[in-house]
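Here is what each chain is made of, one letter per residue.
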Amino acid sequence: KNYNGHIAPFEEYGVKGILWYQGETDCDHGDDRLVRAYKNAFPQLVDEWRGVFGEDTPFMYVQLASYDKGDDKVRFDVVRDDQRRALDMAKNKNNIAMAVSADTATTEATNIHPDGKDIVAERLYKAAKNLIYGDKTSVYEGPLPERFEYKDGTAIIHFKESSISGGLKIKDGLTKLSGFKVAGA
């Protein structure tokens, strides 16, 4: 229904790329089946749309922002991890980009529509410059974990080098990193 009404009309036109910003509904029902289904449904959406618009069509999407309703039924953390995993689950792993938004809000994480959309737009712009217009100097990924190691009771996370241009930084005014969750913990 949604595809036929909103996407199908564009099938006869060429597209340079696809921008996608969605996922909240998939984690706010208290129904774990929806959360688990997202893991496969999202990469399938990427593959199916590329089947219509071209296998190498750039697909750029926004990872869900930080949100804490104070309710264990809302699983933004799980869907965010599934969105990250989609980078490797799409059939064609080329020309796919995820704009991280977990760090963009200046308001409390209790707002489902956080501010900081200008930062998200800048990240999507950088991805489009790289994937669509070939500007390989435009860094758009990050941070993406590559591997983990555990040493003396400490978890050490190694990030994909291309995803942390200049390294990780603590936001102005903060003295420590916070807000991290270990998926599956």
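Because the structure is a prediction, the values reported are computed rather than measured.

Undergrad: In this structure, what is going on with the overall build of the protein chain? I would like to understand it.
TA: Assigned secondary structure in the protein chain consists of four helices and five strands. Taken across its 185 residues, the protein chain has 32% of its residues classed as buried. Taking as baseline every contact in the protein chain between residues at least 6 positions apart, the subset at least 24 positions apart corresponds to 60%. Surface accessibility of the protein chain: about 12000 Å² in total, with carbon and sulfur atoms responsible for 50%.

Undergrad: In this structure, what is going on with the sheet that holds strand β1 (residues 18-20)? I would like to understand it.
TA: For sheets, the rule is that strands pair by backbone hydrogen bonds, running either parallel or antiparallel. Pairing is parallel in the open sheet, where three strands are placed in the order β1-β2-β3. Both edges of this open sheet fall to β1 and β3 (96-99), since each of them pairs with a single strand only. When strand polarity is set aside, the average angle formed by the axes of neighbouring strands in this sheet is 15°. Direction of pairing for β1 relative to strand β2 (residues 59-62): parallel, over a ladder of three bridges. Of the residues in β2, the one forming a bridge with Ile 18 is Phe 59. Helix-sheet contacts for helix α3 (residues 76-89) involve β2 and β3, and the interaxial angle to β3 is about 165°.

Undergrad: Just checking my understanding: could you explain the environment of Asp 56 for this structure?
TA: On the secondary structure map, Asp 56 appears in the loop between α2 (32-53) and β2. When the C-alpha positions of Asp 56 and Ile 96 are compared, they lie 8.9 Å apart, and in sequence the two are 40 residues distant. Excluding anything up to four places from it in sequence, Asp 56 contacts Asn 92 and Asn 95. A distance of 2.7 Å separates polar atoms of two side chains, one belonging to Asp 56 and the other to Asn 92.

Undergrad: For this particular structure, what's the right way to read the environment of Leu 45?
TA: Along the chain, the position of Leu 45 falls in helix α2. Residues Leu 45 and Ala 90 lie 45 residues apart in sequence; the distance between their C-alpha atoms is 9.0 Å. In this view, Leu 45 contacts Trp 20 and Phe 59; residues no more than four positions away in its chain are not counted.

Undergrad: Help me understand unusual backbone geometry in this model?
TA: Glycine aside, residues mostly have negative phi angles, and peptide bonds mostly take the trans form. A positive phi angle is found at Asn 95, which is not glycine, with a value near 60°. With respect to the element layout, Asn 95 can be found in the loop between α3 and β3. On the basis of relative accessibility, which here comes to 23%, the residue Asn 95 falls in the partly exposed class. The phi torsion at Asp 152 lies on the positive side, around 50°, for a residue other than glycine. Judged by relative accessible area, which is 77%, Asp 152 ranks as exposed.

Undergrad: Which parts of the structure should I look at to understand the nonpolar core?
TA: The tendency in soluble globular proteins is for nonpolar side chains to be buried side by side. Counting 21 residues, the largest nonpolar core has Trp 20, Phe 42, Trp 49, Phe 59 and Tyr 61 as its most contacted members. If you list the elements that add at least two residues to this core, you get β1, α2, β2, α3 and β3. Here this core gets six residues from one element, more than from any other, and that element is α2. Those residues in contact with Tyr 61 that sit more than four places away from it in its chain are Trp 20, Phe 42, Gln 83, Arg 84, Ala 86, Leu 87, Ile 96, Ala 97, Met 98, Ala 99 and Leu 124. With 10 residues, the next largest nonpolar core counts Ala 99, Leu 124, Ala 127 and Leu 131 among its residues.

Undergrad: Explain the packing of aromatic side chains to me, please; I cannot follow it from the model alone.
TA: For any two aromatic rings, the description comes down to two numbers: the centre-to-centre distance and the angle of the planes. Per the stated rule, a full pass over the model turns up six aromatic pairs. Ring plane angle 55° and centroid distance 6.2 Å describe the contact between Trp 49 and Phe 59, whose orientation is recorded as tilted. Of the two residues, Trp 49 sits in helix α2 while Phe 59 sits in strand β2, which places them 10 residues apart along the sequence. Aromatic ring contacts, followed pair by pair, group Tyr 3, Trp 20, Phe 42, Trp 49, Phe 59 and Tyr 61 into a single cluster.

Here is what the cut-offs are and how they apply
Residues numbered from 1 in each chain as written. Predicted model: local features only at pLDDT ≥ 70, side-chain atom pairs only at ≥ 80, totals over all residues. Heavy atoms only, no water. Helix = DSSP H or I, 4+ residues; strand = E, 2+ residues; numbered from the N terminus. Buried < 20%, exposed > 50% of the residue type's maximum accessible area, 1.4 Å probe, protein only. Contact = heavy atoms within 4.5 Å. Areas by Shrake-Rupley, 256 points an atom, 1.4 Å probe, with all protein chains shown as cover. Pairing = 2+ DSSP bridges. Axes fitted to C-alpha atoms, helices over the stretch in contact; angles between N-to-C directions. Polar contact = N/O pair within 3.5 Å; in protein donor to acceptor, adjacent residues only side chain to side chain. Core = buried A, V, L, I, M, F, W, Y, C linked by side-chain atoms within 4.5 Å. Phe/Tyr/Trp six-rings, centres within 6.5 Å; stacked < 30°, edge-to-face > 60°.

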